[in-house]
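Results of the structural survey
What follows is the residue order along each chain.
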Amino acid sequence: MVKLSEWRGKEIFRRHGVPLPRGAVARSAEDAEALVRDGRVPLPCVVKAQVLAGGRGKGGAVRFATSVEEARAAAAAILGLEFKGEKVKEVLLEEKLAIGRELYLSLTLDRSLRLPILIASAQGGVEIETVEDAQIDRQPVHPFPGLTGYEKRRAAKVLGLTGGAARALDRLLEAVWTVFEQEDAELVEINPLATVGDGLVALDAKVIIEDDASFRHPEYAEIRDDRTPLEEIAREKEIAFVQLDGNIGVIANGAGLTMATLDVLKEFGGAPGVFLDLGGTDDPKKVTEAFLLMAEARPAAVFLNIFGGVTRCDTVATGLVAAMRQVPAERRFPLVARIRGNNEAEGIAILRAAGVTSVPSLKESAQAVVAAAGGRP
Amino acid sequence: MTVLVDRDTRVVVQGITGHQGTVHTRQMKLFGTQVVAGVTPGKSGSEVEGVPVFDSVRDAVERARANAACIFVPAPFAKDALIEAVDAGIRLATVVTEHIPFHDMLVMYHYAKAKGTRIIGPNCPGIASPGKSKVGIIPNVVFRPGRVGVISRSGTLTYEIVNGITEHGLGESTCIGLGGDPVVGTSFVDALPLFEADPETDLLVLVGEIGGTAEEDGAEYIRHHFSKPVVAYIAGRSAPPGKRMGHAGAIITRGRGTAESKVAALESAGAKVARFPYEIPDLVAGALTEKGRR
């Protein structure tokens, strides 16, 4: 999933007609000063850190300014921050509006119902998990008719909006539904949605775009601020690669088998450090690349656990042996291999010729790799 | 007909001329499946693994009497392929294709449902009844005909677990890999009644993963409507937290979706829950012995 920062979410909102405060992004205190000085951001204004973590208000990552100098100072202070482990590189400056009530609105997927769900609450401006259930309205929306008139009227009632404000909500919901569908969003969340006079304004924007839709949304593919450099290389090679804190490297195929492998390693006192999901492949080169990538992560030991279906055991073995020849001596690590399934006998023979023994039992192979990594035997 | 497929199942492979389509057509035939047609637009008149290729699913239905589809078409075209199958009168469609956007899958699911077609998948290994038929990609070698049913959200982990059951000297009635995507055509709740009604299944193995609430929903169904013994396993107990879908996701699931919540729900519904995959065969054998005594 691609989590968009507030200003990127608001760019999408603007394109689809969701009403917003006037504002602009700055990457330096000088930029911030210029935005306010030339009137692109009216005073008084609010200066907000553009980070993905929540709780910015309480964490000092949102400040107010009534003059050009204050805006510059606020931007300078926030741009230096490290907020919940994330370095602040951008601030959003927006006019500070005289708001009335703060509401909550979101559209997401209900996996059990297999329907989009519109969530509304009159208790906005706080974390929605802290709002009591009775104050939250959930309406499933069928994708064929889309959001209908009666559903929008119900949302207006829940939010306590009448007259011009109810009409504003109608238009806003139409725009939010379009964002959800056309941008392939997993989540569109506005919290708070503020009443301003007779209208509505989205004060925040949280938009998450689904990865699988990147074939029709290439514009989101490059936005990813939460990967390590090795994870970035893996992504380019289409290998699922996640770095954790432990010292054992795990190469498996398929998410379920990878998770089960981690569960078993933990049970025997092992600490998985990197896990790498080969997925389905019958290209030995991809296996070699995955293995060399693993070597870059400097694991204490590596556990290769493959169940061959689409991926054949002999393919994995061939790729593995090729990789072992390329790893420089100082980067070598103990390897425990377990390969089962399609073409198992051929795979085991290839490994044996290279001096690697495949351990058939998951339990025993997991224990062996934990011992090899210096953990609890 | 036992669970969804049998010797009368006549499969059309959509995307048969692609690499995966060709490889798995051969494997399905080796399993004993009647693969009667393939579809790749523009390739009619050719053959793949001895199977005639047609331009459309309608042709495959009219000329080769296909009644089930196995879809390997790439994600950007999978929605079209499924709708074509539904419109041609196919009532069981296994979608192997991965990375289908869930917005597309929402349309596919609700369209198929309205027209009376069951989807298995997407991003799934499919369905296999050893000795009868297989529609999908589960490796043939792991199976032996028997009386254990298996439903799973995983791919390779399903193979691992079925293989373990077979190596223990037991066998399988039907195995369905449902797929792990956010929107699936057939969920645990949808599949459970099929195994309850199947006279060839004595016991069910349910393999789940963290995320979503499909296992909790399944547990609720088991508690009220499922009379056969259930052995379950949930992968991901040690997975690091994070990757949650924003605040809105949290208020839909309300504390469900974790491994603990799934294990607790299944245990309170009477299932025996394995902590690791290799504990499953013993639990299955034990539950079958216990059932035999009653």
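About the thresholds
- Residues numbered from 1 in each chain as written.
- Chains lettered and ligands numbered in written order.
- Predicted model: local features only at pLDDT ≥ 70, side-chain atom pairs only at ≥ 80, totals over all residues.
- Heavy atoms only, no water.
- Contact = heavy atoms within 4.5 Å.
- Salt bridge = Lys/Arg side-chain N within 4 Å of Asp/Glu carboxyl O.
- Polar contact = N/O pair within 3.5 Å; in protein donor to acceptor, adjacent residues only side chain to side chain.
- Helix = DSSP H or I, 4+ residues; strand = E, 2+ residues; numbered from the N terminus.
- Pairing = 2+ DSSP bridges.
- Axes fitted to C-alpha atoms, helices over the stretch in contact; angles between N-to-C directions.
- Left-handed = near helix turned anticlockwise from the far one by under 90°.
- Nonpolar A, V, L, I, M, F, W, Y, C, P; charged D, E, K, R; others polar.
- Buried < 20%, exposed > 50% of the residue type's maximum accessible area, 1.4 Å probe, protein only.

**Description of the interface of chain B and chain A**
On the side of chain A, 60 residues touch chain B, which itself brings 65 residues to the contact. Linking chain B to chain A there are five salt bridges. A salt bridge links R340 of chain A to E167 of chain B; the nearest nitrogen and oxygen atoms lie 2.5 Å apart. Where chain B meets chain A, there are 20 residue pairs in polar contact (both at pLDDT 80 or more). When contributions to the side of chain B that touches chain A are tallied by element, the ones reaching two or more residues are α1 (19-31), α3 (75-87), α4 (102-115), α5 (156-167), β13 (230-235) and α8 (246-253) of chain B.

**Digging into the sheet that holds strand β2 (residues 23-26) of chain A**
All names here are of chain A. Strand order in the open sheet made by the four strands is β2-β7-β3-β4, with antiparallel pairing throughout. A strand with exactly one partner marks an edge of an open sheet, and here the two such strands are β2 and β4 (62-65). Taking each pair of neighbouring strands and ignoring which way they run, the sheet shows an average axis angle of 20°. Strand contacts of helix α2 (residues 29-37): β2, β3 (45-49) and β7 (91-95), with the helix running at about 160° to β2, the strand carrying the most contacts.

**Overview of the packing of helix α6 (residues 188-197) of chain B against helix α7 (residues 214-225) of chain B**
All names here are of chain B. Closest axis-to-axis distance for the α6/α7 pair is 8 Å, and the angle between their directions is 35°. Classified by chirality, the crossing of α7 by α6 is right-handed. Where α6 abuts α7, its residues F188, V189, L192, P193 and E196 lie against A214, E215, D217, G218, Y221, I222 and H225. Of the residues assigned to the contact of α6 with α7, the class counts are seven nonpolar, two polar and three charged.

**Focus on the packing of helix α1 (residues 6-16) of chain A against helix α5 (residues 163-182) of chain A**
Residues and elements named next belong to chain A. For the pair α1 and α5, interaxial distance at closest approach is 9 Å and the crossing angle is 115°. The interaxial crossing formed by α1 with α5 has right-handed handedness. On α5, the residues that touch I12, F13 and H16 of α1 are A175, T178, V179 and Q182.

**Re the pattern of salt bridges**
All names here are of chain A. This structure, assessed with the given rule, holds 35 salt bridges over all chains. Salt-bridge contacts for K48 lead to E6; the nearest nitrogen and oxygen are separated by 2.7 Å. Of this pair, K48 sits in strand β3 while E6 sits in helix α1, and the two are 42 residues apart along the sequence. Judged by its relative accessible area of 3%, E6 is buried. The closest approach of N and O atoms between R216 and D184, which form a salt bridge, is 2.8 Å. Taken together, the positions of R216 in the loop between β13 (206-209) and α6 (229-236) and D184 in the loop between α5 and β11 (185-196) put the pair 32 residues apart, joining distant regions of the chain. Taken together, the shared-partner salt bridges in this structure form one network comprising E6, K10, K48, R56, E94 and D204.

**Describing unusual backbone geometry**
Residues and elements named next belong to chain A. Cis geometry is adopted by the peptide bond preceding P44, which originates at L43 and carries an omega value of -10°. With respect to the secondary-structure elements, P44 resides in the loop between α2 and β3. Cis geometry marks the peptide bond from N191 to P192, where omega comes out at 5°. Relative to the elements of secondary structure, P192 occurs in strand β11. The phi dihedral of R298 falls on the positive side, at around 55°, and the residue is not glycine. Considering the arrangement of structural elements, one finds R298 in the loop between α8 (284-296) and β17 (301-308).

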